[in-house]
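Chain residues, written in single-letter form:
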Amino acid sequence: TVMVGQFAGAGSRKDVTQAVGTSVIFYTLLSAALTILFILFSGKIVAIMRTPPEAVAAAEAYLRICSLGIVFIIGYNVVSSIYRGLGDSKTPLLFVGIACVINIVLDLLFIKGFGMGAAGAALATVIAQACSLGSSIVFLRRKGIGYRFERDDFRLRGSYTGKMLRLGLPISTQEVLVSLSFLLITAVV
């Protein structure tokens, strides 16, 4: 968001397209790595949280299914950061609203209707996230953002990746620590 906003404000079209392209590639790779890690270590994560024995299987299934949605969450956040960087904070909110409505409807269907329990809740969440990303991409392609992208824009560039990490790592670290503290509190309780 910050990079796109800075480059757009400076009128540097090429920097905007290359920053967006680098973001897409970097976060696609990151989401793939996180998905694999969470799937592989879901049992250990559930154990660290001191999940009651009767809930372990459901918790592991929930975590594995939700891990498949990481790519959709990160993809949505990349698309949203483009909009916000260009000064449009309302459009991303629309897609969160779409995801919420779909998630609620599918939760009711999968849990109450089909009796799928935790796995149904996870599946509803992943489908809602996929719909949010899909609708935001369709909207992005139809509306455009005022920049023309070329194939060369979509590659990993060290300078943009480094800047993204310098700008985003402090807030990411804070978010991870807050989330971990909530997990620890939940485990203690």
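Our subject is the structure listed above.
Described in the following lines is the structure provided in the data block. The structure displayed is predicted, hence computed values, not measured ones.

Cut-offs applied
For every chain, the first residue of the written sequence is number 1, and numbering continues from 1 onward in sequence order. Per-residue local features are limited, in this predicted model, to residues with pLDDT of at least 70; the limit for side-chain atom pairs, both in listing and counting, is 80 or more; totals at the level of whole chains, interfaces and linings are taken over all residues. Here the side-chain values reflect all heavy atoms present in the structure, with hydrogen atoms and water set aside. Buried Ala, Val, Leu, Ile, Met, Phe, Trp, Tyr and Cys residues that are joined via side-chain atoms within 4.5 Å together make up what is termed a nonpolar core. Each residue gets one of three labels from its accessible area relative to the maximum for its type: buried under 20%, exposed over 50%, partly exposed in between, using a 1.4 Å probe on protein chains only. Only DSSP runs of H or I reaching four residues or more are called helices, and only runs of E reaching two or more are called strands; each is numbered from the N terminus. Contact criterion: two residues are considered in contact whenever any of their non-hydrogen atoms come within 4.5 Å of each other. A helix's residues, less one, multiplied by 1.5 Å, set its expected span.

**Description of the nonpolar core**
Item 1. Within the largest apolar cluster, 21 residues are counted, with the highest numbers of intra-cluster contacts made by M3, F7 and V16.
Item 2. Of all the secondary structure elements, the ones that give two or more residues to this core are α1 (2-9), α2 (13-40), α5 (70-85), α7 (117-143) and α8 (158-188).
Item 3. With 7 residues, the single largest contributor to this core is α5.
Item 4. Sequence-distant contacts of V16, that is, excluding residues within four places in its chain, are made with V4, F7, A8 and Y147.

**Some remarks on helix α6 (residues 90-113)**
Item 1. For α6, built from 24 residues, the straight-helix expectation of 34 Å at 1.5 Å per residue is met to within 8% by its first-to-last C-alpha distance of 34 Å.
Item 2. Buried within α6 we find T91, P92, F95, A99, N103, L106 and F110.
Item 3. Residues of α6 that are buried in the fold lie against α5 and α7.
Item 4. Positive backbone phi, approximately 65°, marks G115, located one or two places after α6.

**Focus: the environment of Y76**
Item 1. Here Y76 shows up in helix α5.
Item 2. The spacing of Y76 and G9 is 67 residues in sequence and 23 Å in space, taken between C-alpha atoms.

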